[in-house]
Amino acid sequence: MSADAETDTDALAGVPSPPMRADARRNREQILRAAREVFADQGPDAPLDEIARRAGVGIATLYRRFPHRAELHRGVAIEVLTALAEAARRAAAEEGDPCLALRRFMHAALDLKIGSVLPALLGRFTVDEILDSVPGDAVDPIDAMLLRAQERGLVRRDVVFGDITLMIIRLTRPLPGGGRFAPDDGLAHRQLDVYIDGLRPTGSPRPTTPLGGPAVDAEAFKRIRERVIDDAHEARDARDAESDLDPDPA
């Protein structure tokens, strides 16, 4: 029996597990990151083979770490919320300027795709079960960064906690067409920068940092719209084809 198998058997039996080997820990992290991306793109019922492929591991390794899909769902949710809390703590501790700390956190949170991943997984576990497994909470450090920025006159006074977190959730929802629009992530970061600059108080100097990410002008938007329409037609045709193959229930 492999060391990984022994660890999993001990865990099921309630025996304290030894520290995870470095390679096993790395495989687990890669699987969780890949699952986060795949679930964001394709939903929580996405093929596990695709997750293993993106993680660069064999499907047997994935099943060894997560024998049931529900365990993978739970692992991804805990990983995302843990990373969110860590991003908030690091930004608050390492940035002297609270406005820069807030910007750094928001961009890090955007990369976690929390608005795509967690809503898709809700209903597959209880929220309190997940929160109880997360070391720390992102709420307090985020709110503290916001309050410090407001005290120094860097953020308008009427901005509240939800204006930070709920905007991240909105921006991390994928555009129609899913993974076919490759620049989606870069566009979300660009739009976040526009939003963050809008948090400045009236009379603040205009930002001088140029916007990153793709600039979607009117012509580019038309191309994206055409792609979304094509995707909708393809999905409809696929449904029609499946319907034609189904036997007549009569």
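Keep in mind that this is a model prediction, so the values were computed, not measured.

Okay, the nonpolar core next. Ile51, Leu72, Val76, Phe105 and Ile164 are the most contacted members of the largest nonpolar core, which totals 55 residues. Counting only elements with at least two residues in this core, the list comes to α2 (22–42), α3 (48–55), α5 (69–94), α6 (98–111), α7 (114–121), α9 (139–151), α10 (161–171) and α11 (184–197). Take this core: its biggest share by element is eleven residues, from α5. In this view, Val76 contacts Leu32, Ala35, Arg36, Phe39, Val117 and Leu121; residues no more than four positions away in its chain are not counted.

Attention now moves to unusual backbone geometry. With a phi close to 55°, Lys113 is a non-glycine residue in the positive phi region. Among the secondary structure elements, Lys113 is positioned in the loop between α6 and α7. Residue Lys113 is classed as buried on the basis of its relative accessible area of 11%.

As a further point, take the packing of α9 against α10. Between α9 and α10, the shortest axis-to-axis distance is 9 Å and the interhelical angle comes to 120°. On the basis of their axis angle, the class for α9 and α10 is oblique. In this structure, α9 meets α10 at a crossing whose hand is right-handed. Contact with α9, carried on its side by Val139, Ile142, Asp143 and Leu146, involves Phe161, Ile164 and Thr165 of α10 and no other residues of that element. Classifying every residue of the contact of α9 with α10 by side-chain character gives five nonpolar, one polar and one charged.

Rules behind the numbers
Residues numbered from 1 in each chain as written. Predicted model: local features only at pLDDT ≥ 70, side-chain atom pairs only at ≥ 80, totals over all residues. Heavy atoms only, no water. Core = buried A, V, L, I, M, F, W, Y, C linked by side-chain atoms within 4.5 Å. Buried < 20%, exposed > 50% of the residue type's maximum accessible area, 1.4 Å probe, protein only. Helix = DSSP H or I, 4+ residues; strand = E, 2+ residues; numbered from the N terminus. Contact = heavy atoms within 4.5 Å. Axes fitted to C-alpha atoms, helices over the stretch in contact; angles between N-to-C directions. Parallel < 35°, antiparallel > 145°, perpendicular 65-115°, else oblique. Left-handed = near helix turned anticlockwise from the far one by under 90°. Nonpolar A, V, L, I, M, F, W, Y, C, P; charged D, E, K, R; others polar.

So far we have only geometry, and geometry alone does not tell us how the molecule works.
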